[in-house]
Amino acid sequence: MGSVDRSTLTRTVRGLWDDDILPSLSELVAVPAISPIFDSRWAENGHLAAAIEHVRAWITTRDLPGLTTEVHELPGHAPLLLVDVPASGSSVEGTTVLYGHLDKQPPVADWSPGLGPWTPVVKDGRLYGRGAADDGYAGYAAIAALEAVHAAGGAHGRCIVLLETSEESGSPDLPAYLEHLGDKLGDVSLVVCLDSGGNDYERMWLTTSLRGLVQVGLTVRVLESGLHSGMASGIVPSSFRIARQLLDRVEDSTTGEVLVREMHGDVPANRVDEVREAVAAVPGSLTATVPFAGGTTAVDEDEVELALNGGWRPTLSVTGAAGLPPLDDAGNVLRPFTTLMLSFRLPPTVDAAVALDAVKKLLTSDVPYGATVELSRVESASGWNAPDLAPWLRDSLDRAAQDVFGSPWRTVALGGSIPFMGLLHEAYPRAQFLVTGAVGPDSNCHVPDESLHLDQARKVTEAVALVLDAHSRQG
């Protein structure tokens, strides 16, 4: 890469991770900073604020000249940590934003023996615990990359590290913060997001697209209170049966195809090519770590089709239910209501607001038997399709991939959502984007046994440092 001492850079990154980051990140895992949508009392509980303060305190101990930290909390919004690091040895214009989040998914049950959501455990080169990989490490990695650039004699432009606390809720607070911080951010020329990953730990993975999201809690209500099923069945329609009929409007239960036309979009030719390259690089990776039960198979034998399904096609998952008692309490009752949580993933280029309107109409129009339909916990966020890489960024990534990983970088069409990317792309259309991270196919984000692959995290940190140095030479 030219201007940095590579051996010093590597040594600095690894030393920071082993001696400084891992102990503090382990303590962060122990903070139950559940995202606001899953914790209605988040402000009173104070866990999001505690997570921010823990990371802020660590950052203030770092040796980065001119570094300042600010905690922002707009009324009614989850807090945000902003770290401002002045340019060092660079005249490059514009601000680099390094993004991550500190809020976490709910703990969920059934962690393996000896592991738990709020119990940090280092084992076999991984840090286990909720939020380790998604996305507690990101702020540490961003600061370590900047420290390594300094130590290795490199340079970087002005950098702002943004760590929010509502990402797992769909980032509903970010638009307000972007408006609030617009003058401080200035002209953003590079965005580095460390909330992603890829299909193995042998190379650097770039996320070039993100699916959007529409989420709706569907309640079908047929009675004010339950009735004896022997007396009422055949007279009162089943709320579950009506819910099934409504689901048939939005999904083909045989194929899994989403039937909402507003949720479909064309896949760009260059993204299809990238998918083919990624599948060829790591064949079998899409299903290798999936814990299929019994003889269950994937929905298609063609891995390219599976990758396109997961990154560029709409899907529906029923992620929760209410009104259904546990089996031990399931008496012979015709239940008054059924609630299903519907989670749609949208292609990156689909307008989430338009898709949401279409779903609302399909679920609430001409309801069988005139049953009452209620929609709750409504959420929507559009996806994102990355701009083409600038020549300087592509070149720096090529070199970083070879120097750090020893393998060419590849791309992934991520099936999840990072709403911040779309928001920033809209606000700063000329900015370059590097969306990457240490998450792999077995990192178990959102489910039991979440873990951070520590060596991958170190390598990603080093690669980001090299990109920051390369960016400093862009005029």
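Residues numbered from 1 in each chain as written. Predicted model: local features only at pLDDT ≥ 70, side-chain atom pairs only at ≥ 80, totals over all residues. Heavy atoms only, no water.

A. Local environment of the environment of D39. Its location among the elements puts D39 in the loop between helix 1 (6-29) and helix 2 (42-45). Contacts of D39, omitting those with residues within four sequence positions, involve I34 and N45. (Helix = DSSP H or I, 4+ residues; strand = E, 2+ residues; numbered from the N terminus. Contact = heavy atoms within 4.5 Å.)

B. Highlighting the side chain of D135. Relative to the helices and strands, D135 resides in helix 4 (residues 132-151). Of the side chains with opposite charge, K104 lies nearest to the buried D135, which makes no salt bridge, at 12 Å. From its side chain, D135 meets the backbone nitrogen of H101 in a polar contact 3.2 Å long. Excluding residues that lie within four positions of it along the chain, D135 makes contacts with G100, H101, L194 and D195. (Buried < 20%, exposed > 50% of the residue type's maximum accessible area, 1.4 Å probe, protein only. Lys, Arg positive; Asp, Glu negative; His and termini not counted. Salt bridge = Lys/Arg side-chain N within 4 Å of Asp/Glu carboxyl O. Polar contact = N/O pair within 3.5 Å; in protein donor to acceptor, adjacent residues only side chain to side chain.)

C. Structural detail: the environment of T436. By the secondary structure assignment, T436 is in the loop between strand 17 (432-435) and strand 18 (451-453). Excluding residues within four positions of it along the chain, T436 makes contact with C193, L194, D195, S196, G197, M204, W205 and V460.

D. The arrangement of the packing of aromatic side chains in detail. Counting across every chain of the model gives two aromatic pairs. Seen in terms of ring centroids, W384 and F433 are 5.3 Å apart; in terms of plane orientation they differ by 50°. Their pairing is tilted. A residue pair is termed long-range when its members are at least 10 positions apart, and W384 in strand 15 (residues 384-385) and F433 in strand 17 qualify at 49 residues. The aromatic ring of W58 is capped on one face by R62, whose charged end is 4.6 Å from the ring centroid. Above the face of the F337 ring, R221 is positioned so that its terminal group lies 4.8 Å from the ring centre. (Phe/Tyr/Trp six-rings, centres within 6.5 Å; stacked < 30°, edge-to-face > 60°. Lys NZ or Arg CZ within 6 Å of the ring centre and 35° of its normal.)

E. Molecular detail of the packing of helix 1 against helix 4. Between helix 1 and helix 4, the least distance of the axes is 9 Å, while the angle of their chain directions is 145°. Between helix 1 and helix 4 lies a crossing of right-handed hand. Residues T8, L9, T12, V13, L16, W17, I21, S24, L25, L28 and V29 of helix 1 form the contact with helix 4, whose participating residues are A132, G136, Y137, Y140, A141, A144, E147, A148, V149 and A151. The residue inventory of the contact of helix 1 with helix 4, partitioned by class, reads 16 nonpolar, four polar and one charged. (Axes fitted to C-alpha atoms, helices over the stretch in contact; angles between N-to-C directions. Left-handed = near helix turned anticlockwise from the far one by under 90°. Nonpolar A, V, L, I, M, F, W, Y, C, P; charged D, E, K, R; others polar.)

F. Fine view of the packing of helix 13 (residues 391-405) against helix 15 (residues 454-471). Contact pair helix 13 / helix 15: the axes reach a minimum separation of 9 Å and the direction vectors enclose 145°. Where helix 13 crosses over helix 15, the handedness of that crossing is right-handed. Judged by residue contacts, W392, L393, S396, L397, A400, V404 and F405 of helix 13 engage Q456, K459, V460, E462, A463, L466, V467, A470 and H471 from helix 15. Of the residues assigned to the contact of helix 13 with helix 15, the class counts are eleven nonpolar, three polar and two charged.

G. Highlighting the sheet that holds strand 9 (residues 212-221). If you walk across this open sheet you meet the four strands as 11-13-9-14, and the pairing is antiparallel. Looking at which strands have only one partner, the edges of the open sheet turn out to be strand 11 (315-322) and strand 14 (372-381). Each strand of the sheet is rotated relative to its neighbour by a mean of 20°, with strand direction disregarded. By the bridge criterion, eight bridges tie strand 9 to strand 14 in an arrangement that is antiparallel. Paired with R221 across the two strands is T372, which belongs to strand 14. Strands in contact with helix 8 (residues 239-250) are strand 9, strand 11, strand 13 (337-346) and strand 14; relative to strand 13, the strand with the most contacts, it is inclined by about 15°. (Pairing = 2+ DSSP bridges.)

H. How the structure looks around the pairing of strand 17. Covered by surrounding structure in strand 17 are Q432 and L434 together with F433 and V435, the residues of both alternating faces. Relative to strand 17, strand 7 (residues 188-193) runs parallel, the two being bridged by four bridges. Directly across from V191, in strand 17, lies its bridge partner F433.

I. Structural detail: the sheet that holds strand 1 (residues 68-72). The six strands are arranged 1-2-6-3-7-17 in an open sheet whose pairing can be described as mixed. In the strand order of this sheet, the two ends are held by strand 1 and strand 17, each with one partner. Across this sheet, the average inter-strand angle for adjacent strands is 20°, counted without regard to direction. As paired strands, strand 2 (residues 80-85) and strand 6 (residues 159-164) are joined by five bridges and run antiparallel to one another. Looking at strand 6, one finds that D84 is bridged to I160. Contacts from helix 4 reach strand 2, strand 3 (95-101) and strand 6, with the element oriented near 150° to strand 3. Contacts between helix 15 and the sheet are confined to strand 3, strand 6, strand 7 and strand 17, with strand 7 contributing the most and set at about 175° to the helix.

J. Highlighting the pairing of strand 13. With eight of its ten residues buried, strand 13 lies for the most part within the structure. Here seven bridges tie strand 11 to strand 13, and the two strands are oriented antiparallel to one another. Pairing of A321 across the sheet is with L340, part of strand 13.

K. Highlighting the nonpolar core. Grouped together as the largest cluster of nonpolar side chains are 73 residues, with contacts concentrated most on W17, L25, Y137, L194 and L452. Elements supplying a minimum of two residues to this core: helix 1, helix 3 (47-59), strand 2, helix 4, strand 6, strand 7, helix 13 and helix 15. No other element matches the 13 residues that helix 4 contributes to this core. Once residues lying within four places of it in the same chain are set aside, the contact partners of Y137 are W17, L25, G131, A132, L194, S196, G437, A438, L452 and A457. Core analysis: the second largest hydrophobic core is formed by 27 residues, V214, V216, V350 and V373 among them. (Core = buried A, V, L, I, M, F, W, Y, C linked by side-chain atoms within 4.5 Å.)

L. Structural view of the pattern of salt bridges. Across all of its chains, the model carries 21 salt bridges by this definition. Taking the shortest distance from any N to any O, the salt bridge between R203 and D200 comes out at 3.1 Å. The exposure class assigned to R203 is buried, which follows from its relative accessible area of 12%. Classification of D200 as buried rests on a relative accessible area of 10%. One salt bridge in this structure joins R458 and D455, with 3.9 Å as the shortest N-O distance. A residue pair is termed a helical-turn pair when its members lie 3 or 4 positions apart in one helix, as R458 and D455 do in helix 15 at three residues.

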